[in-house]
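# Coordinates in review
Here is what each chain is made of, one letter per residue.
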Amino acid sequence: SLSHLSIDDLDNDADSELTLAASAGSSSASGHFVFALDAESGWLEWRSPPLFSASAWFLRSSIGQLDLDDAMEVFASSFSLYFQLSTTVLLDGISGSAGPERQAIGLAAQSVVDLEEDGIDEILVAEVTGTVGVLDPVSGTFVSTIGSYPGAIRSLAVGNVFGDAGLEVVLAMADRIQ
C-alpha cells in the first residue's frame, strides 16, 4: 500500500522523479520500500532495499539536497504506533542505496526545506511529544529545537506565509492550526 508521495529532480538531469513510500506484502517483495519513478513515463528508476521493521506503520519520504553532491537525497522515516518510535534512513537519489537506519522518538511529521538558505536542505521534524526541530540527516539526532507545543502534531508545512523574506513553520495539531 502506498503511504507517501514526493516529486523532484533526484538525479539533476532536468527530468522529475516521483518517490513513493510503500509497504509490499507479496512473496517476491515483502517489506517497506521507497520507489523512484520517472515522473513522465512512470518507469521504475530504482527501488530501495527493504527498510524498517515489520512493526513500522506510517511511512514517509521527502526529497532534498542534504549534502554537497549533485544529486538529491531521499529522507525516509517510519513510525510504529505500538512502540511510539521512528526509524529514519537516508537514500541516495541516483541509486536508491540506503545508509544506516537510525532510531528516533516517534516522528509525526517531516519536511525537507532550506531553512538557512545556504543551498543545503534541513530536515524539519515534529515528534509525537510536540517537539519541532531540525534533524541531522546522518546521525538522526536533533541539531536544534525550534519549539515545543502542547498536543499531538499531525502535519507540518514550511513556506512564506506573510510575504516577507522569512519562512514560517505551520503546524496542524489534532484540533487547530498553529
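Just so it is clear, the structure is predicted and the values come from calculations on it, not from any experiment. (Residues numbered from 1 in each chain as written. Predicted model: local features only at pLDDT ≥ 70, side-chain atom pairs only at ≥ 80, totals over all residues. Heavy atoms only, no water.)

Another aspect to go through is the pairing of strand β9 (residues 107-113). With 7 of 7 residues buried, β9 is to be regarded as a mostly interior element. As defined by bridge partners, β9 adjoins strand β10 (residues 122-127) across 6 bridges and the pair is classed as antiparallel. Within β10, the position partnered with Val-112 by the bridge is Ile-123. (Buried < 20%, exposed > 50% of the residue type's maximum accessible area, 1.4 Å probe, protein only. Helix = DSSP H or I, 4+ residues; strand = E, 2+ residues; numbered from the N terminus. Pairing = 2+ DSSP bridges.)

Relative to the assigned elements, Ser-111 resides in strand β9. Setting aside residues no more than four positions away along its own chain, Ser-111 makes contact with Ser-62, Glu-122, Ile-123, Leu-124, Leu-156 and Val-158. (Contact = heavy atoms within 4.5 Å.)

On to the nonpolar core, then. Core analysis: the biggest nonpolar cluster contains 14 residues, and Leu-10, Val-34, Trp-46, Leu-51, Phe-52, Val-74 and Leu-91 have the highest contact counts within it. Listing elements by their share of this core, those giving two or more residues are β3 (30-38), β5 (58-64), β6 (73-80) and β7 (85-92). For Val-74, the contacting residues outside a window of four places in its chain are Leu-10, Thr-19, Val-34, Trp-46, Ser-61, Ser-62, Ile-63, Val-89, Leu-90 and Leu-91. (Core = buried A, V, L, I, M, F, W, Y, C linked by side-chain atoms within 4.5 Å.)

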